Amino acid sequence: YLKHVLSVNQVSRADLHNMFGVAQELRTMVERMGSVNILKGKILVTAFFEPSTRTNCSFQAAMRRLGGSVIDLDLKNSSVTKGESLEDTVRCLECYGDALVMRHPTPGTSTRAAKVSKIPVINAGDGTGEHPTQAFLDLFTVREELGTINGLTITIVGDLKHGRTCHSLVKLLCLYNVTLQYVSSEALAMPGEIVEEATARGIRQTEFRHLDEALPTSDVIYVTRIQKERFASEEEYERVKGEFVITPKSLTHAKSACIVMHPLPRVDEISPEVDFDPRAAYFRQMKYGLYVRMALLTMLLDARR
């Protein structure tokens, strides 16, 4: 299998099928026993140069439920604050663990880390670049909730310009027969290179400026927050904040069997009242993420597979 997990471009549909099969096996085992000892004696190092709740906790929980242990690098008290280079940090961390999960605000950083690392590097988000494991769990969520991915209309809403989860998801969806709909302001539209790549793969895409126009045909409504930290100024952010909000009223235009997803954290783009709608899948999505990351770690580190 893969040595490093840096981009969704590395995986094939067969790889995903295999990963999701392992995830389903592990889900059954965890629901029955709580944990397994597949990776007993293995150590995962997590290095997050950007804030994270779900991804960091998810990887730590995944490793521990597999019987392994975790070293969580405290960046505020590390030698990074003394000016240590990324490469030197990685070379040191590889001495202590069997795999490294890294998040960094600069695109391409995980690739730099992989070039010098003797242990597997997993990209947990690199700025506005990619977030491959989020895309894996997003697809697993769709498959578990709706039974299939092929033939669906998937609508992506919000900050499509800065959203690395959106970029990875679109690239991965190109492996399937889907229709994509983008809902955003012109300033936050999906980057041209992502649209062109999907077009070249034969994916039908439509852009909308109004949410209600896209909802009636959507099987999956994938909502993202407007990423305040990516804007040059507060004024620029305020101009686009709150432009697209999912509410119980807006969902009256949506299919009864659709699902609403979100990579989280949520700010104000999905109203809390929607949480009680059975179509709200975003918290179930986080649970699916645990099983997918367990599968990924198993496939990377379990020599018996």
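Before reading further, recall that the structure is shown in the block above.
About the thresholds
- Residues numbered from 1 in each chain as written.
- Predicted model: local features only at pLDDT ≥ 70, side-chain atom pairs only at ≥ 80, totals over all residues.
- Heavy atoms only, no water.
- Helix = DSSP H or I, 4+ residues; strand = E, 2+ residues; numbered from the N terminus.
- Buried < 20%, exposed > 50% of the residue type's maximum accessible area, 1.4 Å probe, protein only.
- Contact = heavy atoms within 4.5 Å.
- Disulfide = S-S within 2.5 Å.
- Core = buried A, V, L, I, M, F, W, Y, C linked by side-chain atoms within 4.5 Å.
- Salt bridge = Lys/Arg side-chain N within 4 Å of Asp/Glu carboxyl O.
- Axes fitted to C-alpha atoms, helices over the stretch in contact; angles between N-to-C directions.
- Parallel < 35°, antiparallel > 145°, perpendicular 65-115°, else oblique.
- Nonpolar A, V, L, I, M, F, W, Y, C, P; charged D, E, K, R; others polar.
- Pairing = 2+ DSSP bridges.

A.B. asks: Which parts of the structure should I look at to understand the environment of Gln-24?
C.D. replies: If you trace the backbone, Gln-24 turns up in helix 1 (residues 13-33). The exposure class of Gln-24 is partly exposed, given its relative accessible area of 32%. In this structure the C-alpha to C-alpha distance between Gln-24 and Val-292, which are 268 residues apart in sequence, comes to 8.4 Å. If near-sequence neighbours (up to four positions away) are discounted, Gln-24 is found in contact with Phe-140, Arg-143 and Glu-144.

A.B. asks: Looking at this structure, I do not really get the state of the cysteines. What am I missing?
C.D. replies: Such a bond, covalent and formed between the sulfur atoms of two cysteines, is termed a disulfide. In this structure the tally under the stated criterion is zero disulfides. Here Cys-92 stays unpaired: no disulfide links it, and the sulfur of Cys-95, its closest cysteine neighbor, is 6.2 Å away. With a relative accessible area of 34%, Cys-92 lands in the partly exposed category.

A.B. asks: How should I be thinking about the nonpolar core in this particular structure?
C.D. replies: Taken as a class, soluble globular proteins show a tendency for nonpolar side chains to be buried jointly. One finds Leu-16, Met-19, Phe-136, Leu-139, Ile-156 and Leu-297 to be the most contacted residues of the largest nonpolar core, which totals 65 residues. The biggest single contributor to this core is helix 10 (residues 282-301), with 11 residues. Setting aside its immediate chain neighbours within four residues, Ile-156 contacts Cys-166, Leu-169, Val-170, Gln-181, Tyr-182, Val-183 and Tyr-222. Judged by nonpolar contacts, the second largest core, of 18 residues, contains Leu-211, Leu-251, Val-260 and Val-274.

A.B. asks: I keep staring at the pattern of salt bridges and nothing clicks. Help me out?
C.D. replies: Where charged atoms from two side chains of opposite charge approach closely, those side chains can pair. A full pass over the atoms with the stated rule returns 12 salt bridges. Glu-145 is the salt-bridge partner of Arg-284, the closest N and O atoms lying 2.8 Å from each other. Highlighted residues: Arg-284 in helix 10 and Glu-145 in helix 5 (residues 132-146), separated in sequence by 139 residues. Exposure remark for Arg-284: the relative accessible area of 32% places this residue in the partly exposed category. Within this structure, Arg-27, Glu-31 and Glu-144 form a network of salt bridges that share partners.

A.B. asks: Sorry, what's going on with the packing of helix 6 (residues 164-173) against helix 7 (residues 192-200) here?
C.D. replies: A pair of packed helices can be characterised by two numbers: the angle between their axes and the separation between those axes. With their axes 9 Å apart at the nearest point, helix 6 and helix 7 run at an angle of 10 degrees to one another. Put simply, helix 6 runs roughly parallel to helix 7. Two secondary-structure elements touch here, helix 6 through His-167, Val-170 and Lys-171 and helix 7 through Ile-194, Glu-197 and Ala-198. Class assignment for the residues of the contact of helix 6 with helix 7 results in three nonpolar, one polar and two charged.

A.B. asks: Looking at this structure, how should I read the sheet that holds strand 1 (residues 43-48)?
C.D. replies: Consider a sheet: its strands pair through backbone hydrogen bonds, and that pairing is either parallel or antiparallel. Reading across from one edge, 2-1-3-4 is the order of the four strands in this open sheet, with parallel pairing throughout. Taken across any chain shown, the strands that pair with only one partner, and hence form the sheet edges, are strand 2 (69-72) and strand 4 (121-126). The sheet shows a mean angle of 15 degrees between the axes of neighbouring strands, direction not considered. Examined bridge by bridge, strand 1 and strand 3 (residues 99-104) share five bridges and lie parallel to one another.

A.B. asks: For this particular structure, what's the right way to read unusual backbone geometry?
C.D. replies: When glycine is set aside, most residues are seen to have a negative phi, and most peptide bonds are trans. Here the bond from Leu-264 into Pro-265 is cis, since omega is 10 degrees, no more than 30 degrees from zero. Note on placement: Pro-265 falls in the loop between strand 9 (259-261) and helix 10. Of note, Leu-264 is a non-glycine position whose phi angle comes to about 60 degrees, a positive value. Residue position: Leu-264 is located in the loop between strand 9 and helix 10.

A.B. asks: What's the story with the sheet that holds strand 8 (residues 220-223) in this structure? I'm lost.
C.D. replies: Overall, parallel pairing links the five strands, which are arranged 7-6-5-8-9 in an open sheet. Two strands close off the open sheet at either side, each with one partner strand: strand 7 (204-208) and strand 9. Direction aside, the axes of adjacent strands within the sheet are offset by 20 degrees on average. Relative to strand 8, strand 5 (residues 153-157) runs parallel, the two sharing four bridges. The partner of Ile-156 across the bridge, within strand 8, is Tyr-222. Each of strand 8 and strand 9 is contacted by helix 5, which is oriented at about 165 degrees to strand 9, the strand it contacts most.

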